[in-house]
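# Coordinates in review
Next come the chains, spelled out residue by residue.
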Amino acid sequence: MLVSWKWLKDFVDIRLTPEELVDRLTMAGLEVESLQENVPSFTGVVVSKILSVRPHPGADKCFICEVTTGDAKYPVVCSAGNIRPGNVVPLAKVGATIPGGYTIRTSKIKGEVSEGMLCSEEELGIGSDASGVMILSEHLSPGADLASALDLKDVVLDIGITPNRADCLSIAGIAREIAAITGSPFSYPRISLPERGEDIHGITSVDILDPDLCPRYSARVIKNVTIAPSPLWLRRRLEAVGMRAINNVVDITNYVMMELGQPLHAFDHRFLEEGRIVVRRSRAEEKFTSLDEKERVLRPDTIMICDGVKPVAIGGVMGGLNSEVKEDTETILLESAYFDPSSIRKSAKWLGMNTDAAFRFGRGVDPEGVIRALDRAAQLMAEIAGGTVCKGHIDQYPKKVETAGRIPLRIERVNDILGTRIGEAEITETLKRIGMLIEKEQEGHYRVTPPTYRVDITREIDLIEEVARLHGYDCIPVTIPPVSVKPVIRDSREVAKDRIREILRGSGYSEVITYSFISPSAVDCLLLRADDARRNLVKIENPLTEDQAVMRTTLIYSLLETMKKNANVGCTDLKVFEIGRVFFQRREGELPCEKEQLGCLLTGMRSDHLWSSKTYADFFDLKGCVENIFDSLKISEIRFMHDYRETFLHPGKSCGIFIGDQPVGYAGEVHPDVLVKMDLKNRAYVLEIDLELLLRNFKDVTLYRELPRFPMVLRDVAFVVDEGLHAAGVIDLAMSAGKELLENVSVFDIYSGKSVPHGRKSLGLRFTYRASDRTLTDDEVNVLHNKIVKSVVEKTGAKIRGEEH
Amino acid sequence: MLKELEELQRQAEAELSSAKTEGEFLAVRTRYLGRKGLLTRLLRNIGNVEEEKRPLFGMRCNEIKEAISGKIDTALAKLASLRREEVLLRDKVDVTLPGRTHRYGRVHPITRVRQEICSIFAGLGFSVVEGPEVELDYYNFEALNIPKDHPARDMQDTFYIEDNIVLRTHTSPVQIRVMEKQRPPVRILSPGRVYRPDSDISHTPMFHQIEGLLVDKGITFADLKGVLTSFLKQLFGEDTALRFRPSFFPFTEPSAEVDIRCVMCSGSGCRVCGQSGWLEILGSGMVDPEVFKNVAYDPEEVTGFAFGLGLERIAMLKFGISDIRLFFENDRRFLEQF
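What you are looking at is a predicted structure, and each value in this text was computed from that prediction instead of being measured.

Cut-offs used in this document
- Per chain, the residues get numbers from 1 upward, laid out in the order the sequence is written.
- In the order they appear in the text, chains get letters beginning with A and ligands get numbers beginning with 1.
- In keeping with the predicted nature of the model, local features appear solely for residues at pLDDT of at least 70, side-chain atom pairs appear and are counted solely at 80 or more, and the whole-chain, interface and lining totals rest on all residues.
- Side-chain figures throughout are based on the complete set of non-hydrogen atoms in the structure, without hydrogens or water.
- Helix and strand assignments follow DSSP, with helices taken as H or I runs no shorter than four residues and strands as E runs no shorter than two, numbered in order from the N terminus.
- Partly exposed residues are those whose accessible area sits between 20% and 50% of the maximum for their type, while under 20% is buried and over 50% is exposed, using a 1.4 Å probe and protein chains only.
- Residue contacts are counted whenever heavy atoms from the two residues lie within 4.5 Å of one another.
- Residue exposure ignores everything except the shown protein chains as possible cover, and the areas themselves are Shrake-Rupley values with a 1.4 Å probe.
- Positive: Lys, Arg. Negative: Asp, Glu. His and the chain ends are not part of the count.
- Lys charges are placed at NZ, Arg charges at CZ, Asp charges at CG and Glu charges at CD.
- Values of the radius of gyration come from C-alpha atoms, whereas the globule rule sets the reference at 2.2 Å times the count of residues to the power 0.38.
- Buried area: the accessible surface (1.4 Å probe) lost by two parts on joining, summed over both.
- Salt bridges are defined by distance alone: a side-chain nitrogen of Lys or Arg within 4 Å of a carboxyl oxygen of Asp or Glu.
- Polar contacts here mean pairs of N or O atoms no more than 3.5 Å apart (in protein, one a potential hydrogen donor and the other a potential acceptor; neighbouring residues in sequence count only if both atoms are side-chain atoms).
- Residues are grouped as follows: Ala, Val, Leu, Ile, Met, Phe, Trp, Tyr, Cys and Pro are nonpolar; Asp, Glu, Lys and Arg are charged; all remaining types, including Gly, are polar.
- For patch building, the residue pool is restricted to those with more than 30% relative accessible area and no salt bridge; the joining distance is 9 Å between like charges and 5 Å between nonpolar side chains (Val, Leu, Ile, Met, Phe, Trp, Tyr).
- By definition here, a helix of n residues has an expected span of 1.5 Å times n minus one.
- pLDDT is a residue-level measure of predictor confidence that goes from 0 to 100.
- For this analysis, a nonpolar core means a set of buried residues of the types Ala, Val, Leu, Ile, Met, Phe, Trp, Tyr and Cys, connected via side-chain atoms within 4.5 Å.
- A strand pair is defined by DSSP finding two or more bridges across the two strands.
- Axis definition: a line fit to C-alpha positions, over the contact stretch in the case of helices; interaxial angles, taken between N-to-C directions, run 0 to 180 degrees.
- Handedness of a crossing follows from how the near helix is turned relative to the far one, being left-handed for an anticlockwise turn of less than a right angle and right-handed for a clockwise one.
- Classification of ring pairs uses Phe, Tyr and Trp, with its six-membered ring standing for Trp, and accepts pairs whose centres are within 6.5 Å; under 30 degrees between planes counts as stacked, over 60 as edge-to-face, and the remaining range as tilted.

## Digging into the overall build of chain B
When helices and strands are tallied, chain B shows 12 helices and 10 strands. Judged by the C-alpha coordinates and their principal axes, chain B covers about 135 × 45 × 40 Å. Within chain B, buried positions represent 53% of all 338 residues. For chain B, the proportion of contacts with a sequence separation of at least 24, taken over those separated by at least 6, is 65%. Here chain B has roughly 15600 Å² of accessible surface; of this, 50% comes from carbon and sulfur atoms. A gap of 13 Å separates the mean positions of the 46 positive and 50 negative side-chain charges of chain B.

In structure tokens:
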């Protein structure tokens, strides 16, 4: 909220610099977000008096004025028609600067010398009136600097008001707070109301049909007002706090709202049928055209201000077009009311009309401040708009607005919560400073009644907060609670996730974080089958954009998008991973199923060093990284199964990843059709693993196995087998035939081509033999090895390479 | 004869000192020490020497032979070693070419900050728990003392899945979930993704928070100050100045916003801190009694404090990043800076 320094000083004497005040307010919970000095954007402009005005002999629409600044006289050529001798006006002297970067110089206008310029409000950047030269008060003395004569300098604070502090949504509210912080006295503006003529009760009446929505409605009638622009001081104050001036009557209602925090509304009384006010709740599907000329359909239970026949305003939100104050308005019915905050919030939200009035009613205005604001505005309408305030006012208050009272407060509790030793006297004095009524019940026990504008204070803890705030958070000690004796055991899942990050980092993969929401079309891009569970998307009702409209069910799409973004900036080599959740829709009303997944993507060159290696990464680079992860998590029962199919993966270069019989994920090359759909150029390899399932098998235990004491014996053999036969199958056969002396079988070569028959491949295997208790002899190994080779040959139809014939 | 011998040595040494190539050294050897060499010949003619001088002559002959031979061997070995070096040098690499390595990957800056914060709090006895990202309205709002239509709901816009299901707008619902299941004392930290419909240079619709909660008998606002002071000094440095100022959160009271001295300008005022010299770092406060009632804790029995902070903000300050959106664009050139 914008707050004018000068305006504040109407209520409280501030003996601080603006910077000091900023600090004090901020440390008391009214965070000052910015401080801006409003200084006039002109220099060298003084007050002058017009001595004479005569027509310009050479220019039809111009005049030659002689003006005085007291000690000197200047001829000035001017084209404004509103000046008369005797007028006091602003004179921009030669050398003066005015907004827009103009510097005033002596000039000759059609043969006549002009030593300066008479300015309009708009030319000086003071206000918006550009209709003629600004006419100043006759009390200003010629020669005086205009900026000081008009007291144009001000400081504007932008204060962030937290939702609980409805009482601070006004200049008076902030001033009250400053008074409490600094100890200066606070006083409301003095209101003196010259009531004259007719009694209000003879002119109008107010009926509240729904007191639950409108517990209080007060009104005054002001006759004979003249609608005109507001005086400069009022317009400048409104503009300082960010409001636009409209006309004197409307400006006064806004001014009093900003000043006292009570929104008001001015009706043109002649448009009120039967001349009276009825407050009721809206009817089903009721329509209404508000001041902004929009027809709105109201939600049920909207507060409607009506005349004897029809609605004339949406209570607490906005007035109606049909009863608006117009240029020829003469009689004003002024409304000052208290509306149910919750109802106002609902209506404002429903209508999308968070007006200044709705904002304040919604947070809760002072139910006992209604009449003060009514009288203040009536007074200003008499003073500024020349109105006659009719005798008396209407105050329908059928339902007392309950505010908290006699809240118990224990001194001991204050210090227990804060960790302080604040004395009883300081606590009670502090609360008194902010208008609380204190009754002592017994030693250390009090009853506290907050002022009616502090609608946020209803409980002991609220009082404790006030004490803390005004005592100063700075003055509260700094202590460390005893650390619990229970040791902190790091969650094994966290440990495992960090280990996965380490492994992937070491393998060259960088971590990415992508949005959890994706485009609903992602599932089509990935060619997912109609019955794929990943089509059970969780939809966002109010997404920011369509491509962030559903929660993702796979990380792959986001990773492919990351690849695309990088390709667009020239990074075609990419190794990335993400650890994030996927979401599956369950029944309505039920929270979705959330699963944490690991996803990796690999594309482009295997290495950054083109000079050294120009090979592209492939499936086995990715698989190697999966193996590393499982190895580091001590999960050994990992299997890669080719017959597990993902629609978005290359059918020949992909596999399911299993722990025992449980599928935990998949890896493979992205299907070329998916690349086309996503407009990607390069091959990419992806994997996705369900971390929940993976981590279930993780045991954070390392057990040392003794190193072998006897040497190993190696035997190599190349089997020529069907191309479709999996290496793992052959190795499994060999291992099961080998029993305990065969320690390991590994692939040392894969070859197909010349010298290998078409449709077959040569699979070179290295057999490692070792006994744990002795050195194996060659003969012993040969016998065993031949037996194993023979068994493999029999079971697979393999030939031994070099012995095919 | 002896004189002739000495002369021969001088000659040989002179020739050796001018010899450069292997061939020249070998020629010297042949010339003096070969089968028909000058020295060999002299020795063969020892019979011509007077008898009493013969032993001396023989000894000198041998001495000279060994001296020459030794010098030649040394010279030849040196030449051989030089030649080998020459051969090796022909197999030279360009050491300025980049090393051959698999580049290591990087952990996302947000993860880095999260790990650092979690480890600081682990030292203060806080353990990590997680909660759902798609959350019931009850946990995200109502149990945290933010009823429907409450003005505090204006503080944050929300993504809705259904009327009563939202994308969590903060990590605070984890407080409730933990307290519902666990009796005090509670010391937890809960990092995770949160969502709000906002998108500009300082907002992304998804971002990260860490929530902390400590509940026990006799926990005070002074303890809150102590724990958070210790944390922020570990995170930003022992000399970091900080201030606690009153604020409002529906689920804590009294509430405090914690600022640190601007890391960019050290307090003199700059664009990053909006000229104030201070940076908002986290929100905190004593757990509101209403919240305790919602999880069936007795607020007269236990007290506690909670705090929450945004990881992006911390990362932006630590690494000098000015656009929050960079964290989620995942540009390789960005990621590889961490």
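From this point, the discussion proceeds with the structure in view.
## Describing the overall build of chain A
Across its full length, chain A carries 21 helices and 41 strands. In terms of overall dimensions, chain A is more spread out than a globule: its C-alpha atoms have a radius of gyration of 42 Å, far above the 28 Å expected for 805 residues. Overall, the C-alpha framework of chain A stretches about 130 × 85 × 55 Å when taken along its three principal axes. Within chain A, the fraction of its 805 residues that count as buried is 53%.

## Some details on the interface of chain B and chain A
Facing 91 residues of chain B, the contacting portion of chain A comprises 88 residues. Among the residues of chain B in contact with chain A, Pro246, Glu253 and Arg332 of chain B are the three that bury the most area, contributing 8% of the side total. Remark: the boundary between chain B and chain A carries 10 salt bridges. For Arg245 of chain B, the salt bridge goes to Glu31 of chain A, with nearest N and O atoms at 3.4 Å. Between the two partners, chain B and chain A, sit 38 residue pairs in polar contact (both at pLDDT 80 or more). A per-element tally of the side of chain B that touches chain A places helix α8 (residues 221-236) of chain B first, with eight residues. Residues belonging to the side of chain B that touches chain A are distributed by class as follows: 40 nonpolar, 23 polar and 28 charged.

## Details of a nonpolar patch on the surface
All names here are of chain B. On the surface, a cluster of nonpolar side chains totalling about 230 Å² of accessible area is made up of Val263, Met264 and Val272. Looking at the element boundaries, Val272 is found in the loop between β8 (252-261) and β9 (278-287). A relative accessible area of 42% means that Val272 is categorised as partly exposed.

## Some thoughts on the side chain of Glu465 of chain A
Within the secondary structure layout, Glu465 of chain A lies in helix α13 (residues 460-471). Although Glu465 of chain A lies buried, it forms no salt bridge, and the closest oppositely charged side chain, Arg469 of chain A, sits 6.3 Å away as judged by the N-O distance. Those residues within four positions of Glu465 of chain A in sequence are excluded, and the remaining contacts are Tyr473 of chain A together with Ser247, Glu253, Pro254 and Ser255 of chain B.

## Quick look at α13 of chain A
All names here are of chain A. Here α13 is 12 residues long and its end C-alpha atoms lie 16 Å apart, about the 16 Å a rise of 1.5 Å per residue gives. With respect to burial, α13 is a largely interior element, 12 of its 12 residues being buried. Where α13 ends, the next residue or the one after it, Gly472, has phi of about 105°, a positive value.

## Considerations on the confidence of the model for chain B
In the predicted model, chain B carries a mean pLDDT of 91, and the fraction of residues at 70 or more is 99%. Interface confidence in the predicted complex, given as ipTM, is 0.87; pTM for the same model is 0.86.

## Considerations on the nonpolar core
Residues and elements named next belong to chain A. The biggest cluster of nonpolar side chains holds 213 residues, and the ones touching the most others in it are Ile174, Tyr217, Ile305, Leu431 and Leu560. No other element matches the 10 residues that helix α10 (residues 370-385) contributes to this core. Ignoring any residue separated from it by four or fewer positions in sequence, one finds Tyr217 in contact with Val206, Ile208, Phe267, Ile277, Val279, Ile305, Glu335, Ser336, Ala337, Ile394, Asp395 and Gln396. Of all hydrophobic cores here, the second largest spans 32 residues; its members include Tyr509, Phe577, Ile579 and Leu694.

## Quick word on the pattern of salt bridges
As enumerated under the stated definition, the model contains 97 salt bridges over all chains in all. In this structure, Glu130 of chain B and Lys497 of chain A form a salt bridge, with 3.2 Å as the shortest nitrogen-oxygen distance. Of this pair, Glu130 of chain B sits in the loop between β1 (127-128) and β2 (134-136) while Lys497 of chain A is found in helix α14 (residues 492-506), placing the two residues in two different chains. Sharing partners across several salt bridges, the network here consists of Arg493, Glu494, Lys497, Arg581, Glu594, Glu596 and Glu692 of chain A together with Glu130 and Glu133 of chain B.

## Observations regarding the sheet that holds strand β35 (residues 649-659) of chain A
All names here are of chain A. One open sheet holds the seven strands; their spatial order is β28-β32-β33-β37-β36-β35-β34, and the pairing between them is mixed. Edge positions in the sheet fall to β28 (510-511) and β34 (638-641), since each of these pairs with one other strand and no more. Both β34 and β35 contribute to a ladder of four bridges, which runs antiparallel. Following the sheet pairing, Phe640 is matched in β35 by Ile657. Where helix α16 (residues 556-568) meets the sheet, its contacts fall on β32 (574-584), β33 (593-603), β36 (662-670) and β37 (684-690), and the angle it forms with β33 comes to roughly 35°.

## Some remarks on the environment of Ala382 of chain A
Residue and element names in this part refer to chain A. Topologically, Ala382 is positioned in helix α10. Between the C-alpha atom of Ala382 and that of Val88, which follows or precedes it by 294 residues, the distance is 26 Å. With near-sequence residues (within four places) excluded, Ala382 lies in contact with Gly387 and Val389.

## A short note on unusual backbone geometry
The omega angle of the peptide bond from Pro184 of chain B to Pro185 of chain B is 5°, so this bond is cis rather than trans. Summarising the element assignment, Pro185 of chain B is placed in the loop between α7 (173-181) and β5 (186-195). Residue Glu253 of chain B is joined to Pro254 of chain B through a cis peptide bond whose omega torsion reads -5°. In this structure, Asp301 of chain A is a non-glycine residue whose phi angle is positive, near 70°.

## Let's talk about the packing of helix α8 (residues 341-351) of chain A against helix α9 (residues 356-363) of chain A
For any two helices packed against each other, one specifies the inter-axial angle together with the distance between the axes. All names here are of chain A. Following both chains from N to C, one finds α8 and α9 inclined at 140°, their axes separated by 7 Å at the closest point. The handedness of the crossing between α8 and α9 comes out as left-handed. Between α8, through Pro341, Ile344, Arg345 and Ala348, and α9, the contact on the second element is made entirely by Ala358, Phe361 and Gly362. Of the residues belonging to the contact of α8 with α9, the class tally is five nonpolar, one polar and one charged.

## Some words on the packing of aromatic side chains
What the rule picks out here adds up to 26 aromatic pairs over all chains. Both rings, one in Phe11 of chain A and one in Phe186 of chain A, keep their centres 6.1 Å apart while their planes meet at 15°; by these two values the pair is stacked. A residue pair is termed long-range when its members are at least 10 positions apart, and Phe11 of chain A in the loop between α1 (5-8) and α2 (18-27) and Phe186 of chain A in the loop between α5 (171-182) and β12 (195-199) qualify at 175 residues. Looking at Phe11 of chain A, the relative accessible area reads 2%, which means it is buried. With a centroid separation of 6.3 Å and an interplanar angle of 15°, the aromatic rings of Phe767 of chain A and Tyr769 of chain A are classed as stacked. Judged by its relative accessible area of 0%, Tyr769 of chain A is buried. Three or more aromatic residues joined by ring pairs make a cluster, and in this case those are Tyr515 and Phe517 of chain A together with Phe159, Tyr195, Phe319, Phe327, Phe328, Phe334 and Phe338 of chain B.

## Regarding a positive patch on the surface
Positive charge collects at one region of the surface, where Arg35, Lys36, Arg41 and Arg44 of chain B lie side by side. The residue Arg35 of chain B is located in the loop between α2 (22-33) and α3 (38-44) in this model.

## A word on the sheet that holds strand β21 (residues 318-319) of chain A
Sheet strands pair via backbone hydrogen bonds, and the direction of the pair is either parallel or antiparallel. Spatial strand order, β13-β16-β19-β20-β21 (chain A): five strands in an open sheet with mixed pairing. Only two strands of the sheet have a single partner each, and these edge strands are β13 (206-208) and β21 of chain A.

## Digging into the pairing of β9 of chain B
All names here are of chain B. When you tally the buried positions in β9, you get nine out of 10 residues, the bulk of the element. As defined by bridge partners, β8 adjoins β9 across eight bridges and the pair is classed as antiparallel. Its bridge partner being in β9, Thr252 is matched across the sheet by Val287. Two strands pair when backbone bridges link them, and β9 and strand β10 (residues 303-310) are joined in this way by five bridges, in the antiparallel orientation.

## Examining the pairing of strand β25 (residues 407-410) of chain A
Residues and elements named next belong to chain A. The side-chain alternation of β25 yields one buried face, formed by Ile407 and Leu409, and one unburied face, formed by Pro408 and Arg410. As defined by bridge partners, β25 adjoins strand β27 (residues 445-449) across four bridges and the pair is classed as antiparallel. Each bridged residue has a counterpart across the sheet, and for Leu409 the counterpart in β27 is Tyr446.

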